[in-house]
Amino acid sequence: VSLVESNVYEAHVRDYPVLRSELDQLAEALMQANDRQLRLYELGRLNVETFDSQATIDRLLAMALKLTDSSAVVLIEPGGNVLRERTFADRSLVDQVVQHGRGWRPGGEARRAQTVGQNHSLQSEVRVGEATYKLGIGKSSSQGYGTPDQKMLDAIAVAFGSSLKLLALHEQALSAAIVETEHNMAASIVASALSESVRTFAPLETSASTVSARVVGGDFYVAVAHDHGLRFVVGDVAGKGLPAAVLMSNAVTVAHMVLRNDYSDDPVACLREMSRALNGILSTSGRFITMVVGALIKQTDGDDFDLRLANAGHSPVCVLADQDASDAPLHFVSPLTPPVGVIPLRSDLVPFEMAFGPGSCLLMGSDGLAEQENPTGEHFGLDRLERVLRSSDSAPVLRDSILEAVRVHADGTAPSDDQTVFVVSYPKARGE
Amino acid sequence: MTNATNRTTSTLKLTGRFDAHETPSFVAKVEPSLANGKSDISLDLGEVVFIDSIALSEMVSLHKKLYDAGRTLYLLSPSDSVRVILEVTGLITLFNVVLAETTPQPNPVESMR
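Residues numbered from 1 in each chain as written. Chains lettered and ligands numbered in written order. Predicted model: local features only at pLDDT ≥ 70, side-chain atom pairs only at ≥ 80, totals over all residues. Heavy atoms only, no water.

Draft legend 1. How the structure looks around the overall build of chain B. Counting secondary structure elements, chain B contains 3 helices and 5 strands. In sequence order, chain B lays out its α and β elements as β-β-α-β-α-β-α-β. Within chain B, the proportion of its 113 residues that are buried is 46%. Working note: accessible area of chain B is about 5,500 Å², and carbon and sulfur atoms make up 54% of it. (Helix = DSSP H or I, 4+ residues; strand = E, 2+ residues; numbered from the N terminus. Buried < 20%, exposed > 50% of the residue type's maximum accessible area, 1.4 Å probe, protein only. Areas by Shrake-Rupley, 256 points an atom, 1.4 Å probe, with all protein chains shown as cover.)

Draft legend 2. How the structure looks around the packing of helix α4 (residues 53-68) of chain A against helix α6 (residues 147-193) of chain A. All names here are of chain A. Between α4 and α6, the least distance of the axes is 11 Å, while the angle of their chain directions is 170°. With respect to α6, the element α4 is oriented roughly antiparallel. Contacts from Ser53, Thr56, Ile57, Leu60, Leu61, Ala64, Leu67 and Thr68 in α4 reach Met152, Ile156, Phe160, Ser163, Leu164, Leu167 and Glu171 in α6. Looking at the contact of α4 with α6 residue by residue, the classes come out as 10 nonpolar, 4 polar and 1 charged. (Axes fitted to C-alpha atoms, helices over the stretch in contact; angles between N-to-C directions. Parallel < 35°, antiparallel > 145°, perpendicular 65-115°, else oblique. Contact = heavy atoms within 4.5 Å. Nonpolar A, V, L, I, M, F, W, Y, C, P; charged D, E, K, R; others polar.)

Draft legend 3. Expanded view of the nonpolar core. Counting 58 residues, the largest nonpolar core has Phe220(A), Phe232(A), Met291(A) and Phe356(A) as the members making the most contacts within it. Ranked by residue count, the leading element in this core is helix α7 (residues 241-258) of chain A, at 10 residues. Ranked by size, the runner-up nonpolar core spans 29 residues in total, among them Ile41(B), Leu56(B), Leu73(B) and Leu86(B). (Core = buried A, V, L, I, M, F, W, Y, C linked by side-chain atoms within 4.5 Å.)

Draft legend 4. Fine view of the interface of chain A and chain B. Facing 20 residues of chain A, the contacting portion of chain B comprises 20 residues. Roughly 1,500 Å² is buried in total at the junction of chain A and chain B, and carbon and sulfur atoms are behind 59% of that figure. The largest contributions to the chain A side of the interface with chain B come from Phe288(A), Val342(A) and Ile343(A), which together make up 28% of the buried area. Across the contact surface, chain A and chain B share 1 salt bridge. Put simply, Arg17(B) and Glu373(A) hold a salt bridge, and the shortest N to O gap is 2.9 Å. Between chain A and chain B we count 4 residue pairs in polar contact (both at pLDDT 80 or more) in total. Partitioned by chemical class, the residues of the side of chain A that touches chain B number 8 nonpolar, 8 polar and 4 charged. (Buried area = accessible area lost by both parts, 1.4 Å probe. Salt bridge = Lys/Arg side-chain N within 4 Å of Asp/Glu carboxyl O. Polar contact = N/O pair within 3.5 Å; in protein donor to acceptor, adjacent residues only side chain to side chain.)

Draft legend 5. Focus on the packing of aromatic side chains. Residue and element names in this part refer to chain A. Taken as a whole, this structure holds 5 aromatic pairs over all chains when the rule is applied. Both rings, one in Phe305 and one in Tyr426, keep their centres 5.7 Å apart while their planes meet at 80°; by these two values the pair is edge-to-face. Within this pair, whereas Phe305 is found in strand β10 (residues 305-312), its partner Tyr426 is found in the segment after β15 (419-425), the two being separated by 121 residues in sequence. With relative accessibility at 0%, the residue Phe305 sits in the buried group. An aromatic cluster of at least three residues, connected via ring pairs, comprises Phe201, Phe305 and Tyr426. A cation over a ring is seen here: Lys139 above Tyr145, with NZ or CZ 4.6 Å from the ring centre. Over the aromatic face of Phe305 sits the side chain of Lys298, whose NZ or CZ is 5.9 Å from the ring centroid. (Phe/Tyr/Trp six-rings, centres within 6.5 Å; stacked < 30°, edge-to-face > 60°. Lys NZ or Arg CZ within 6 Å of the ring centre and 35° of its normal.)

So this is what it looks like as structure tokens:
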């Protein structure tokens, strides 16, 4: 530029008009190139200073206006809706940019640049993953957009795409962090709710444990000893994660209260109270809880206990009368009613009852045991569970044997659901 | 998952695993039939190999919505694995289960109210 304006230039080209014309064009091209360099430099400095997506998009649109000397800029979603616009122009120009953008397809028949009277618009595409947005600019001027403007708009569109991808990645990372936090929170709720050790009543042995799945579920158990026996609730909230953990925590609190009432030797009455207390929150959340409520009551005229169970859709619940007798039947306790939260309990429910003497064993598990798959997709199943149940006698050994058998069957396949074992056994006296 | 509608019943056929991963798609598929306010809904479960508690929750929720609107949810020809789960949870007494070659009939016993 300084060359063009200098006296030296004037002195040398005064008598050569053709040369002067070419030099003027060269000077103009140099100015434009310099100008574009400055603008590209400014574009290169663009970075995402905020992870607020709206603020970032606004900043990018402002940049597009400034770098292209335009007075309107519009970002159109893949479906054709206007995601965001920024303008200093009247509405007709914005409308033109929008209509032009909706009708334009990369490689299609519609031209990238369009002029209607004094209004000019220019389009480019912004790729974000599989999605393609349209970035359109507009201005009212005697001169339309040229090739340098198209290249500038393409460069801005690429910067736009990179920034939006960065935002998307950030949002994914944020979601993962939230999930991780929720998972940890759910795990701590579950641990807190199950922290109280399982009570027992001599000579009965009780033992319980839960192996959590990657996303914790809503398995729970509560056992309360009293002056003539043992009362307990074992349950599973439908679902996983924080919602299931919160509902499970509620259920554990309710169970602790219900099991301490005078009527609590009657499992149907306990189940009815649990249902009454939890139906509201379960109905609101659209969930249900499978649970079995039970009592083992010491008989007044002997060493045996009376076992009473009220099963609301829980599985497996099974009782073995004598672990040493290979022909002793294994009773699978059927549900009296669907899970709590599904329907109000009928008034005519009758609990499962049987004598529980030396050698007897009661197992209440969760569906995560039988449903554990091995690498070929085969479930652990109830038959394998029964074989383990007949092979051990003490509650702690039986609990560990079941969980170990499930783990061996899984052969590295991650549990898809929590695996809970709650065992009550009545060991035989030595020599019996 | 396929959807077919006749004059009174919309039928949705489910295949493979019906679990927490599939329930959003299930809810989206069933929503138009639920919103039309008229037809009953049948779920063909003959080719479902596994069902979990989340999927059962969605079915219970759908049953309640339809029942409250005077409509009916039918479970068509549940596979053995689904039938076993319905039995051990006691939910088989809630749903209107239709075995193959029979005509859907409303369950006269169960009441949600």
